Amino acid sequence: SLKGEFDQTHQIIFLSENVELKKLNGLLFETNSATINLKTNEISGDEKISGKNNEGNILSQGFNIVDEGNKILFNGRTNLRLK
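It should be emphasised that the depicted structure is a prediction, and the values quoted were computed from it without experimental measurement.

Once that is clear, we can look at the overall build of the chain. In terms of helices and strands, the chain carries 0 helices and 7 strands. Taken from N to C terminus, the helices and strands of the chain fall in the order β-β-β-β-β-β-β. Against the 2.2 N^0.38 benchmark of 12 Å for 83 residues, the chain shows a C-alpha radius of gyration of 13 Å, consistent with a compact globule. Across its three principal directions, the C-alpha atoms of the chain cover 45 × 25 × 25 Å. A fraction of 23% describes how many contacts in the chain between residues 6 or more apart in sequence connect residues 24 or more apart. If you average the places of the 10 positive and of the 11 negative side-chain charges in the chain, the two averages end up 8 Å apart.

Dropping the structure here:
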């Protein structure tokens, strides 16, 4: 991201402007903001997000990444395209 802020008391990182979230398997997500909770190890956002890898792409209105990145929940209207 281009900007970030760390709330040390609550162990929360706030990212904004051109946020990229990458997984080792090649999955890339792009959004305008994301919140990382270091206590729960969860990442969330309530702005539009797009994701892509070699298998297709997804667009959604928000997201929650839980279970240490093993589960990605999409919120609102979501569009998935598989190759």
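Now that the structure is up, let's keep going.
All right, on to the side chain of Ser-33 then. For Ser-33, the position within the fold is in strand S3 (residues 28–37). Polar contacts involving the side chain of Ser-33 include one to the side chain of Glu-47, which spans 2.9 Å. Ignoring any residue separated from it by four or fewer positions in sequence, one finds Ser-33 in contact with Leu-15, Ser-16, Val-19, Gly-45, Glu-47 and Phe-63.

Moving on: the pattern of salt bridges. A side chain of one charge can pair with a side chain of the opposite charge when the charged atoms of the two come close. Following the criterion strictly, the structure yields 2 salt bridges and no others. Two residues, Glu-17 and Lys-3, come together in a salt bridge whose shortest N-O distance is 3.2 Å. Of this pair, Glu-17 sits in strand S2 (residues 12–22) while Lys-3 sits in strand S1 (residues 3–7), and the two are 14 residues apart along the sequence. Among the residues examined, Lys-3 registers a relative accessible area of 48% and is labelled partly exposed. The salt bridge partner of Glu-20 is Lys-22, with a shortest N-O separation of 3.7 Å.

On to the nonpolar core. Core analysis: the biggest nonpolar cluster contains 11 residues, these being Leu-15, Val-19, Leu-21, Leu-27, Phe-29, Ala-34, Ile-36, Ile-49, Ile-58, Phe-63 and Ile-65. Every element with two or more residues in this core is listed here: S2, S3 and strand S6 (56–66). The contact partners of Phe-63, leaving out residues within four places of it in the chain, are Leu-21, Thr-31, Ser-33, Ala-34, Ile-43, Ser-44, Gly-45, Ile-49, Leu-73, Phe-74 and Asn-75.

About the criteria used
Residues numbered from 1 in each chain as written. Predicted model: local features only at pLDDT ≥ 70, side-chain atom pairs only at ≥ 80, totals over all residues. Heavy atoms only, no water. Helix = DSSP H or I, 4+ residues; strand = E, 2+ residues; numbered from the N terminus. Rg over C-alpha atoms; globule rule 2.2 N^0.38 Å. Contact = heavy atoms within 4.5 Å. Lys, Arg positive; Asp, Glu negative; His and termini not counted. Charge placed at Lys NZ, Arg CZ, Asp CG, Glu CD. Polar contact = N/O pair within 3.5 Å; in protein donor to acceptor, adjacent residues only side chain to side chain. Salt bridge = Lys/Arg side-chain N within 4 Å of Asp/Glu carboxyl O. Buried < 20%, exposed > 50% of the residue type's maximum accessible area, 1.4 Å probe, protein only. Core = buried A, V, L, I, M, F, W, Y, C linked by side-chain atoms within 4.5 Å.

What is shown is where atoms sit, not what they do.
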